[in-house]
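The primary structure of each chain is shown beneath.
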Amino acid sequence: MISFLLSLLALVAGYIIYGKFVEKTFGVDDNIKTPAETMQDGVDFVPMSWPKIFLIQFLNIAGLGPIFGAISGALWGPAAFLWIVFGCIFAGAVHDFFTGILSMRNKGANVPELVGKYLGEKVKKIMVVFSVILLILVGVVFLTGPADLLHTLTGLSRNTFIVIITIYYILATILPIDKIIGKIYPLFGCCLLIMAIGIGFGITTQGYTIPEIQFFNFHPNGVPIFPYLFITIACGAISGFHATQSPIMARCVKKESEARKIFYGAMITEGVIALIWAAAAMAFFGGSEGLQAAISNGGPAGVVNTISNTVMGKIGAVLAILGVVACPITSGDTAFRSARLIIADHINLKQEQIGNRYKIAIPMFAVGIALTFIDFTVIWRYFSWANQTLAMIMLWAAASYMVKVNKNHWICSIPAVFMSAVTSAYILQAPEGFRISASVSNIVGIIFALVLFGVFLNYTRKSQKEDSLEFNK
């Protein structure tokens, strides 16, 4: 219990202390007009209040990620607390803040444009394809998942729900952001918060035992903590998917000083959600073996349903259904919307006219619907790796920006090095990767990360030398 409570306090302190440090290091300036002011189009660039943007951003990046990922990560035991806390404060929240604020500084640019500007045009071209594929995969999985669950709950045809959800996705993708997303997302965001608060209160007051932090691997199958835990718990610690979502809201922020509340704050809030669900999963089932049995029988959705019904009664049952159905849908629609924006930016197709939005949306949804008939069991396993790889690339881009403006790059480069080691080691040893032994792949992953760091430091020295020569002219 003490470890859990201290972890919650650490997240709050991280927002107040380190979040302020990151904000100051970057140098926000309210004298700089934001894209919401200078590029209003009534569709994607729409000024909103920061509390509304915060709730939308929170739901955009959260959905079921910090719940399902935290439940699966709880199999490793209380070590999950450490990753959620330190990953969220020093990596995930930094990643989200920089993606959001750099997008604001660059006319609402999406992640491929940001990466291209700070890491080069070749990387940009790769990122356009990488991001769009990733987002369509997210959208399709969050289309079929809720459809399958609704089919199970109601007995109605799966295809009927696919059609209904697809129609909603199309509307949410093409309509102005304040028409659907701006109206319903704050409500669903509040529901997700209420659900987590209720679970946290119930677990801590109803006699459940939350384990204390121990430096021990509790995974029933002995799966190593590194790198698997850091891939399994993405949302709630650090997630590349957030890099595709933050620019959506960056186009609506009125002042740069609101960026920390929205982007850093939403990530810390997601970390709190992940921490509560990790603690609940460990405590409710009496340990990793009981949790594994529950996951095997009903999956993470079954775990959510069981805990919610038991701890919160009828209210919990309603919130559980709302969570496992509505939250994936709200992640899916913004995934498609983000894909539309990335494609539009890349081909320079203005989106004020609804016809231009349909030109991108119709082919995109045609591909998405076709993919619903394909078995994603194998392909989707690569998503976790691709997700964290995207986060790693964005952190390197942010570090490169800080070098260009002669500011402290370490707040971005250190987490970038760590995530480089994680992602490379994982793909080398994972079942869906090269299946190299952990002892070899971990060493290779660390070496790869250090090589990238060496290349980056060399780039840093060259940049500083060029600045010095320019100054002395």
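Residues numbered from 1 in each chain as written. Predicted model: local features only at pLDDT ≥ 70, side-chain atom pairs only at ≥ 80, totals over all residues. Heavy atoms only, no water.

1. Regarding the UniProt feature "domain: CstA N-terminal" (unreviewed entry) in the protein chain
Going by this rule: UniProt positions are given in the numbering used here, feature names are shortened, and annotations may be inferred rather than shown by experiment. Here a helix means four or more residues in a row that DSSP labels H or I, a strand means two or more in a row labelled E, and each is numbered from the N terminus.
What UniProt calls "domain: CstA N-terminal" (unreviewed entry) maps, in this numbering, to residues 4–142, 151–282 and 301–424. Within residues 4–142, the helical portion is 76% and the strand portion 0%, while the C-alpha atoms at the span's ends are 31 Å from each other.

2. Some thoughts on the packing of aromatic side chains
The criterion, for reference: Two aromatic rings from Phe, Tyr or Trp, using only the six-membered ring of Trp, form a pair when their centres are within 6.5 Å; if the ring planes differ by under 30 degrees the pair is stacked, by over 60 it is edge-to-face, and anything between is tilted. Exposed residues in this analysis have more than 50% of their type's maximum accessible area, buried residues have under 20%, and partly exposed residues fall in between, with area computed by a 1.4 Å probe over protein chains only. Only when the NZ of Lys or the CZ of Arg is both within 6 Å of the ring centre and within 35 degrees of the ring normal is a charge said to sit over the ring.
Tallied over the entire structure, the rule returns 25 aromatic pairs. Ring plane angle 35° and centroid distance 5.7 Å describe the contact between Y18 and F21, whose orientation is recorded as tilted. One end of the pair, Y18, and the other, F21, are both in helix α1 (residues 2–26), three residues apart, so they sit about a helical turn from each other. Residue Y18 is classed as buried on the basis of its relative accessible area, which comes to 17%. The partly exposed category is assigned to F21, whose relative accessible area is 38%. When the centroid spacing of 6.0 Å and the interplanar angle of 90° are considered together, the rings of F26 and F97 count as edge-to-face. Linking F26 in helix α1 with F97 in helix α5 (residues 79–105), this pair joins segments that are 71 residues apart in sequence. Here F97 falls in the buried class, since its relative accessible area comes to 1%. Following the ring pairs from residue to residue traces out a cluster consisting of F26, F97, F98, Y118 and Y401. The cationic tip of K407 hangs over the ring face of F26; the distance from NZ or CZ to the ring centre is 5.9 Å.

3. Notes on α5
Here is the rule we go by: Given the number of residues in a helix, its expected span is that number minus one, multiplied by 1.5 Å. A residue's bend is simply the angle between two axes: one fitted to the seven residues ending at it, one to the seven starting at it.
Taking 1.5 Å of rise per residue, the 27 residues of α5 would be expected to cover 39 Å, and the 37 Å separating its terminal C-alpha atoms lies within 8% of that figure. Along its length, α5 reaches its greatest deviation from straightness, about 55°, at C88. Counting buried residues in α5 gives 23 out of 27 residues, a clear majority hidden from the surface. In the segment just after α5, K107 is the residue with positive phi, at about 60°.

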